[in-house]
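Fold and contact review
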Amino acid sequence: MLVTQQKVLRRFWYPVLPMEKLGEAPVPFTLLGQAIVIWKDETGAPAAAIDRCCHRTAKLSKGFCTGGRIACGYHGWEYDRTGACVRVPQWKDATRAPKFKIDAYRCAERYGYVWVALDEPLFGIPEIPEADDPAFRRIPEFYEPWNAGALRVLENSFDNAHFTFVHKSSFGDPDPTPSQMTYEEFPWGFRTHSIVHVKNPELQRKNLGIAEEKTTRDNTRTWFMPFFRQLRIRYPNGLVHCIQTGATPIDDTRSQIVQFVYRNDTEADTSAASVIAFDRQVTEEDRAVLEATESDVPLDAASGEEFHMPSDKPGLLMRKRLAALLAEAGETERRLAAARSAAE
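Description of the structure in this document. (Residues numbered from 1 in each chain as written. Predicted model: local features only at pLDDT ≥ 70, side-chain atom pairs only at ≥ 80, totals over all residues. Heavy atoms only, no water.)

By the element assignment, P46 lies in strand 4 (residues 46-50). With sequence-adjacent residues up to four places away left out, P46 is seen in contact with M19, L22, W39, R81, C107, A108, E109 and V114. (Helix = DSSP H or I, 4+ residues; strand = E, 2+ residues; numbered from the N terminus. Contact = heavy atoms within 4.5 Å.)

Rendered as structure tokens:
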């Protein structure tokens, strides 16, 4: 599945930028192969549009912001958050309203990030209960591009069979037997539960406030279609470490990794720097493997392009759900095309 060729994937919300990185200047981003520009409107809320002026195609991200509008740096044409051109400086008649327009996209701030949907969303922005729970603190962790396909990243997030090998230096238990999972499906994705046996290196024992070199993790993992997951880890001592990871598709081969954590402890218990340091080790171990995989994931499990084992069930379920989504979207497109043809 090449993500840029699937129009229906434009109908989801994706985290694209930490709000703290959005200042007075516009910021460019590429989402599903589409060049977009992000800026703050007059209320301070994020706005997004195509990164292309409709006058002479200059990138709006090379321009500037004024009064909550984005202005092209070439001739100064100004656009509001709806994409409407509201000012052409060269026109001397101030009452003459421009009728030009560029594509604008749905854009919102949530959990400290800018989220964008290129077309009408099928579902809302993922719900994270811990975000509204005063017992939890938020720790921003990673915002970086990986040379890996978004679906590869998400499949890996639900894979219980790679810990012994990929994470042997961090938490992987020497026993390669994958932990069993239970499943609960929803229209927007699914949720899994498993008890995972892990080892605890020195840094992790410090972070957890425990002495045991081996413990279990009570893992609840939630998949939000298509490329966002929550991993809620409950340790035997009651600590909850809740990781949110978005593999926002830049294009067919690159993903913007957006990761932040909620924890029910305090900075005095464990510093954010220590939390990030351990999770950095884990993510770098994953990254090294994922950047060595092919980005084009075959959705048909029987295609013969890849072979599978029982612990691959979460990834296969993702592929099945995405294949059904693409098939339904394709059928809808065919019906609409037939209706347009009949009307003509």
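Here we take up the packing of aromatic side chains. According to the stated counting rule, one finds 15 aromatic pairs in the structure shown. Pairing F12 with F123 gives two aromatic rings, centres 6.3 Å apart and planes at 40°, and the pair type is tilted. Of the two residues, F12 sits in the segment before strand 1 (14-18) while F123 sits in the loop between strand 10 (113-117) and strand 11 (137-146), which places them 111 residues apart along the sequence. We classify F12 as buried; its relative accessible area is 3%. Aromatic ring contacts, followed pair by pair, group Y111, Y113, W115, F186, W188, F224, F228, F260 and Y262 into a single cluster. One Lys or Arg, R96, reaches over the ring of W91 and ends 3.9 Å from the middle of that ring. When the ring centre of F171 is taken as reference, the NZ or CZ atom of R217 above it lies at 4.2 Å. (Phe/Tyr/Trp six-rings, centres within 6.5 Å; stacked < 30°, edge-to-face > 60°. Buried < 20%, exposed > 50% of the residue type's maximum accessible area, 1.4 Å probe, protein only. Lys NZ or Arg CZ within 6 Å of the ring centre and 35° of its normal.)

You can see T245 is positioned in strand 16 (residues 240-249). Polar side-chain contacts of T245 include one of 2.9 Å to the side chain of Q259. Contacts of T245, omitting those with residues within four sequence positions, involve F227, F228, R229, I257, V258 and Q259. (Polar contact = N/O pair within 3.5 Å; in protein donor to acceptor, adjacent residues only side chain to side chain.)

In total, this model carries zero disulfides according to the counting rule given. The closest cysteine sulfur to the non-disulfide-bonded C53 is located on C72, 3.9 Å from its own sulfur. The structure places no disulfide on C85, whose sulfur is separated from the nearest cysteine sulfur, that of C54, by 5.9 Å. Taking the relative accessible area as the measure of exposure, C85 reaches 3% and is therefore buried. (Disulfide = S-S within 2.5 Å.)

This next bit is on a negative patch on the surface. Together, E294, D296, D300 and E305 make up a negatively charged patch on the protein surface. Take E305: it is sitting in the loop between helix 4 (272-290) and helix 5 (313-343). (Patch = residues over 30% accessible without salt bridge, like charges linked within 9 Å, V, L, I, M, F, W, Y side chains within 5 Å. Areas by Shrake-Rupley, 256 points an atom, 1.4 Å probe, with all protein chains shown as cover. Salt bridge = Lys/Arg side-chain N within 4 Å of Asp/Glu carboxyl O. Lys, Arg positive; Asp, Glu negative; His and termini not counted. Charge placed at Lys NZ, Arg CZ, Asp CG, Glu CD.)

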